[in-house]
Amino acid sequence: MTLKVYDTMHREKRAFEPVTPGRVGMYVCGMTVQDKPHVGHIRASLSGDLMRRWLTHRGFEVTYVYNFTDVDDKIIDRASREGVAYTTVSERNIDAYLRFADLHNIRRATVYPRATAHITEIHALIAALIANGHAYPAPNGDVYFRVRSKADYGKLSGRNVDEMRAGARIEPDEAKEDPLDFALWKGAKPGEPAWDSPWGRGRPGWHIECSAMSMKYLGETFDIHGGGQDLIFPHHENEIAQSEAATGRPFANFWTENGMVNLAGEKMSKSTGNLFFIEDIAGRFDPEVVRYYLLSTHYRSPIEFSEERLQEAAKPYRYLRQTLERCDVWAVPDGPPPGGELGASVAAATAAFEQAMDDDFNSADAIGQLNMLARTVNRALDDGLGSEAQAAGRALHRLGAILGLFWNAPSGEGWPEDVLALVEQREEARRTRNWAEADALRNRLLEQHGVVVEDVRGEPPRLKRR
């Protein structure tokens, strides 16, 4: 079956053909690291991870680039309020992102470029745009892109330049020729980080960094560009305009933006404080359940996020895990598929799973196939089919692993450090026969972290999610 991918630019699913046969170049707009990662960051990363995993499964060699915007107004403002260097803010939040991405089984990117490490590439791209008349330096040290110099500006978002011009205005501290023009380089301001450039000291604009970094690692034309749908305009639109104006070539062949995370029907937003930090969720819910829930909706669709939804998702995911535990798939090596009627059911589920993933990475339908296959496996176990049922269970595990699920064996959950610290405190209280303290710590683990502690004579305590 042909892999079809929805492209925002063409507003339809198109057959996927890579620029270079057998290889895929993929860029996902990453965090602006002024704060801790929230659920929206994890969803965007999961969407990219899902595509990468399926492309790899299909036999492609994928170069996956996820960037960090490590200097901008908000990072500088946060550092100023805390009285620290901007790098202190950016580094701590990059570390937090990587830690929680690992916790949710998001594979590490091939490259994690940072804006501040690519100033040379950014300068070269700006110089090319100035040379061909698409950009101009202003007297105040800024450099701007001439939006009207690109006749097809607005083609990704479907916006009309004249309509945008009607509501635009030039701020007092700007030196633009046109209100629609956007900054490629920002002249230095007192107390802000700055770098030398041919146009004076300053720092890069937001949009130019992604063009410079993506083209450095993937070439002037690459296959897939991802990120949240909130980036379609102006960020992705401006990336396209400046990149294609500089090279004269198409920028990315497929634009695969993911849908937004909603809380109580409203889009998550840092500006309104309407968000869930992922560290708060990870302390109370199994990361496998979080991943399962976020993948249970198609990546382009909005998804409602709440603790109630996660609690609901834990039930079907627990059913899948219990099915695999009945088959003991983590202890038994992979083997031949089952035969007979059971084998035919497994083959049909596998084909339907692959069809769903080939249809624009439809993880929602693919998970539906996992649930149906689990019911088939349990019936086979109930009917005493033994090794045949176990082989079907291995197929279930194999398909789920393609989506990045089932990565923790039953006794191998990666518990957060604060949970393990409380467990150790409780063990110390039990060793000293301080039963009141041990009970208080047990209750704290349950109430604050949703972790149930089971004591087994002669063995370490067993932990499981509530």
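The following paragraphs examine the structure supplied in this document. Please read these numbers as outputs of a predicted model, since none were measured by experiment.

Reading the values: the criteria
Along each chain, residue indices are assigned from 1 in the same order as the chain's sequence is written. The model is predicted, so local features are restricted to residues of pLDDT at least 70 and side-chain atom pairs to those at 80 or more, both for listing and for counting; the totals for chains, interfaces and linings are taken over all residues. The basis for every side-chain value is the complete set of non-hydrogen atoms in the structure, without hydrogens or water. Secondary structure follows DSSP: runs of H or I at least 4 residues long count as helices, runs of E at least 2 residues long count as strands, and numbering of each begins at the N terminus. Exposure is judged per residue with a 1.4 Å probe applied to protein chains only, and the accessible area is read against the type maximum: over 50% gives exposed, under 20% gives buried, and values in between give partly exposed. Contacts between residues were defined by any pair of non-hydrogen atoms, one from each residue, lying within 4.5 Å. Calculation of accessible area relied on Shrake-Rupley with a 1.4 Å probe; when residues are assessed, cover is drawn exclusively from the protein chains displayed. In this charge count, Lys and Arg are treated as positive and Asp and Glu as negative; neither His nor the chain ends contribute. Here the site of a charge means NZ on Lys, CZ on Arg, CG on Asp, or CD on Glu. Note: two strands are recorded as paired if DSSP finds a minimum of 2 bridges between them. To obtain each axis, a line is fitted to C-alpha atoms, and for helices this fit is confined to the stretch in contact; angles are then taken between N-to-C directions over 0 to 180 degrees. For classification purposes, an angle smaller than 35 degrees is called roughly parallel, one larger than 145 roughly antiparallel, one from 65 to 115 roughly perpendicular, and anything else oblique. Left-handed describes a crossing in which the near helix is turned anticlockwise from the far one by less than a right angle; the clockwise case is right-handed. The residue classification treats Ala, Val, Leu, Ile, Met, Phe, Trp, Tyr, Cys and Pro as nonpolar and Asp, Glu, Lys and Arg as charged. All others, Gly included, are polar. Seen with the strands pointing away from the viewer, any crossover whose path from the first strand over the helix to the second strand runs clockwise is right-handed. By the criterion applied in these results, polar contacts are pairs of N or O atoms within 3.5 Å in which, for protein atoms, one can donate a hydrogen and the other can accept it, and in which residues neighboring in sequence qualify only through two side-chain atoms.

**Re the overall build of the chain**
So, step 1. If you tally the helices and strands in the chain, you get 15 helices and 15 strands.
So, step 2. The C-alpha extent of the chain, read off along each of the three principal axes, is 80 × 60 × 35 Å.
So, step 3. Here the chain holds 466 residues, and the buried ones make up 53% of them.
So, step 4. Taking contacts inside the chain between residues at least 6 apart in sequence as the whole, the part at least 24 apart equals 74%.
So, step 5. Here the chain displays about 20,600 Å² of accessible surface, and carbon together with sulfur accounts for 48% of that area.
So, step 6. Charge separation in the chain, taken as the distance between the mean sites of 57 positive and 68 negative side-chain charges, equals 2 Å.

**Quick look at the sheet that holds strand S4 (residues 61-66)**
So, step 1. Read across the open sheet, the 4 strands follow the order S4-S3-S9-S10; overall the sheet is parallel. Whereas interior strands pair on both sides, the edge strands pair on one side only; in this sheet they are S4 and strand S10 (252-258). Ignoring which end each strand starts from, the neighbouring axes of this sheet average 20° apart.
So, step 2. Direction of pairing for strand S3 (residues 23-28) relative to strand S9 (residues 222-228): parallel, over a ladder of 3 bridges. What sits directly across from Tyr 27, in S9, is His 225.
So, step 3. Helix H1 (residues 39-57) rests against S3, S4, S9 and S10 of the sheet, and its axis sits at about 165° to S4.
So, step 4. Against the sheet, helix H7 (residues 232-247) touches S9 and S10, its axis set at about 160° to S9.

**Remarks on the sheet that holds strand S7 (residues 182-187)**
So, step 1. With respect to topology, 4 strands assemble into an open sheet ordered S5-S6-S7-S8, the strand pairing being antiparallel. The open sheet has two edge strands with one neighbour each: strand S5 (135-137) and strand S8 (202-204). The average angle at which neighbouring strand axes cross in this sheet is 20°, direction not considered.

**Side note on the environment of Asp 455**
So, step 1. When you line up the elements, Asp 455 lands in the loop between strand S14 (451-454) and strand S15 (462-465).
So, step 2. Sequence separation between Asp 455 and Ala 138 is 317 residues, and the spatial gap between their C-alpha atoms is 70 Å.
So, step 3. Apart from the residues lying within four places of it in its own chain, the contact partners of Asp 455 are Arg 426, Glu 427, Arg 430, Arg 442 and Pro 461.

**Comments concerning the environment of Leu 103**
So, step 1. Mapped onto the elements, Leu 103 comes out in helix H3 (residues 86-103).
So, step 2. Between the C-alpha atoms of Leu 103 and Pro 416, which are 313 residues apart in sequence, the distance is 8.9 Å.

**Focus on the packing of helix H6 (residues 206-218) against H7**
Helices that pack against each other are described as a pair by the angle of their axes relative to one another and the distance between those axes.
So, step 1. Closest axis-to-axis distance for the H6/H7 pair is 9 Å, and the angle between their directions is 55°. By the angle between their axes, H6 is oblique relative to H7. Viewed along their axes, H6 and H7 form a crossing whose handedness is right-handed. Each of Trp 206, His 207, Ile 208, Cys 210, Ser 211 and Met 215 in H6 lies in contact with H7, whose residues at this interface are Pro 234, His 235, Asn 238, Glu 239, Gln 242, Ser 243 and Thr 247.
So, step 2. Among the residues forming the contact of H6 with H7, the class breakdown is 5 nonpolar, 7 polar and 1 charged.

**Observations concerning the pairing of S10**
The side chains of a regular strand alternate between both faces of the sheet.
So, step 1. Counting buried positions along S10 yields 6 of 7 residues, so the element is predominantly enclosed.
So, step 2. Note that S9 and S10 share 6 bridges and pair parallel. Bridge pairing in S10 places His 225 opposite Trp 255.
So, step 3. One crossover worth recording links S9 to the parallel S10 by way of H7, and it is right-handed.

**Focus on the side chain of Asn 258**
So, step 1. The topology assignment puts Asn 258 in strand S10.
So, step 2. Here the side chain of Asn 258 touches Gly 228 through a polar contact of 3.4 Å, landing on its backbone nitrogen.
So, step 3. Filtering out sequence-adjacent residues up to four positions away, Asn 258 remains in contact with Arg 43, Ala 44, Ser 47, Gly 227, Gly 228, Gln 229 and Tyr 299.

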